[in-house]
Amino acid sequence: MKRTNKTYKKYGYVEHTYSCVYCGELADTLDHVPPVAISANLDLEMKHMVVPACRECNSTLHDKFLLRLDDRAEHLLNRYKTKYKKHDSTVAWDEDEIEELSGHLKTYIRGCQHEYQRFRDRIDHLRQRIRLSEHDLEPLD
Ligand SMILES: [Zn+2]
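Every chain's residues receive numbers from 1 upward, in the order its sequence appears when written. Owing to the predicted nature of the model, reporting of local features is limited to residues with pLDDT of at least 70; listing and counting of side-chain atom pairs is limited to 80 or more, with chain, interface and lining totals taken over all residues.

Participant: Break down unusual backbone geometry for me, with residues and values.
Facilitator: Among all residues except glycine, the phi angle is most often negative; among peptide bonds, the trans geometry is most common. In this structure, the amide linkage connecting V33 to the following residue, P34, adopts the cis form with an omega of -5°. Going along the chain from the N terminus, every DSSP run of H or I of four or more residues is numbered as a helix, and every run of E of two or more is numbered as a strand. For P34, the position within the fold is in the loop between β1 (29-33) and α2 (36-41). The backbone of H62 shows a phi angle near 40°, a positive value even though the residue is not glycine. Along the polypeptide, H62 turns up in the loop between α3 (55-61) and α4 (69-83). Residues with at least 20 other C-beta atoms within 10 Å of their own are called buried, those with 12 or fewer are called exposed, and the rest are partly exposed. The C-beta atoms themselves are positioned from the backbone. Residue H62 is classed as exposed on the basis of its 9 C-beta neighbours within 10 Å.

Here it is, written out as structure tokens:
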């Protein structure tokens, strides 16, 4: 956590801005928009926006040439929907069925359900992020 604090301080963030701008998870990295690798490769002088991001969103976006936050969020949404589809099957277990299970299987199913809920929260956050951007584009009247 010390390294994270230093990174945030370097960019002028205060300690309470720790939510990933895309998925709402704890942010432990900074995402450069557009990606530094892209502007360096193109030898372009670009202004970068730096936003807090969790490690998974940041590494999933990597050097994708997506210049707007909502485009980046949409890319993540599509990737995560596929990536987390495997957790869908564990939701069908109800509480009584889980109670009947023993030891490791019970722990495994509960862990999967916890992951599934976390995934649902992140998907909702990404959708909200995209909706907010769409709202910005609507005419004000
Ligand atoms: Zn994230």
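Participant: Describe the nonpolar core, listing the residues and the values that go with them.
Facilitator: With 14 residues, the main nonpolar core has C20, Y22, C23, A53, C54, C57 and L76 as its most contacted residues. Those elements that place two or more of their residues in this core are β2 (49-53), α3 and α4. Residues enter a nonpolar core if they are buried, belong to Ala, Val, Leu, Ile, Met, Phe, Trp, Tyr or Cys, and are joined to the set through C-beta atoms within 7 Å.

Participant: Describe α4, and please don't skip the residues or the numbers.
Facilitator: For a helix, the expected span equals 1.5 Å multiplied by the number of residues minus one. Across its 15 residues, α4 extends 21 Å between first and last C-alpha, which sits within 8% of the 21 Å expected from 1.5 Å per residue. Here α4 has its buried residues at R72, A73 and L76. Burial along α4 is one-sided: seen end-on, the buried residues are contained in an arc of 95°. Exposed residues pointing more than 90 degrees away from the buried face of α4 are listed as N78, K81 and T82. Each direction from the helix axis to a C-beta atom contributes to the arc, which is the arc of those directions.

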